[in-house]
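Okay, here's what each chain looks like letter by letter:
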Amino acid sequence: MSPNTLTINVANKSLKIACPVGEESALLAAAQELNLRFTKANDKTCANSSLEQSMLMTALNLSYDLLKAQEAAEKEKLVLESKIELLQSTIEQALIPTEKAPT
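Residues numbered from 1 in each chain as written. Predicted model: local features only at pLDDT ≥ 70, side-chain atom pairs only at ≥ 80, totals over all residues. Heavy atoms only, no water.

1. Observations regarding the nonpolar core
Link 1 in the chain: Ranked by size, the top nonpolar core spans five residues in total: Ile8, Val10, Ala11, Ala31 and Phe38.
Link 2 in the chain: Those elements giving two or more residues to this core turn out to be strand 1 (4-10) and helix 1 (24-44). (Core = buried A, V, L, I, M, F, W, Y, C linked by side-chain atoms within 4.5 Å. Buried < 20%, exposed > 50% of the residue type's maximum accessible area, 1.4 Å probe, protein only. Helix = DSSP H or I, 4+ residues; strand = E, 2+ residues; numbered from the N terminus.)

2. Some words on the packing of helix 1 against helix 2 (residues 51-95)
Link 1 in the chain: Taken N-terminus to C-terminus, the directions of helix 1 and helix 2 make an angle of 115 degrees; their axes are 9 Å apart at the nearest point. The way helix 1 lies across helix 2 gives a crossing that is right-handed. Here helix 1 contributes Leu34, Arg37, Phe38, Ala41 and Asn42 to the contact with helix 2, which in turn contributes Leu51, Ser54, Met55, Thr58, Asn61, Leu62 and Asp65.
Link 2 in the chain: When grouped by side-chain class, the residues that make up the contact of helix 1 with helix 2 number six nonpolar, four polar and two charged. (Axes fitted to C-alpha atoms, helices over the stretch in contact; angles between N-to-C directions. Left-handed = near helix turned anticlockwise from the far one by under 90°. Contact = heavy atoms within 4.5 Å. Nonpolar A, V, L, I, M, F, W, Y, C, P; charged D, E, K, R; others polar.)

3. Here's the deal with helix 1
Link 1 in the chain: With 21 residues, helix 1 should reach 30 Å at 1.5 Å per residue; the first-to-last C-alpha distance of 30 Å fits that figure.
Link 2 in the chain: Listing the buried residues of helix 1 in full gives Glu24, Ala31, Phe38 and Ala41. Looking straight down helix 1, one finds that the buried residues subtend no more than 115 degrees of arc, so they occupy a single side. For helix 1, the exposed residues lying more than 90 degrees away from the buried face are Ser25, Gln32, Lys40, Asp43 and Lys44.
Link 3 in the chain: Where helix 1 is buried, its residues contact strand 1, strand 2 (13-19) and helix 2. (Expected span 1.5 Å × (residues − 1). Arc of directions from axis to C-beta.)

4. Some thoughts on the confidence of the model for the protein
Link 1 in the chain: Chain-level statistics for the protein give a pLDDT mean of 88 and a share of 88% at 70 or above.
Link 2 in the chain: Across the protein, the element-wise mean pLDDT spans from 89 in helix 1 up to 94 in helix 2. (pLDDT = per-residue confidence, 0-100.)

Structure representation (structure tokens):
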């Protein structure tokens with residue numbers, strides 16, 4: 001399948017973007033999130049900031065959030081793997097036939 005072309009607006013600029021079929025809503029949501037964060041970053045920085053500086057700060061904040069989310073996901077993965085190992089061990093112990101005491 002060939003990608004669709006979507007027009008999105010980011011920082012009051014229209015951009016035509018190639019988008020894989022079925023991913024249109026995700027791209028539009030990403031553009032909306034970028035605009036929201038750009039607006040917040042622009043509000044916090046001084047009025048003298050250029051578009052490039054504001055976009056750079058927005059990209060930096062997004063990258064930071066992504067790294068933190070990846071770190072949290074990795075920690076959660078380790079916790080879940082540990083729990084799975086404990087469950088497997090418990091199941092294996094339950095399946096081992098118990099030895100009968102001598103009568």
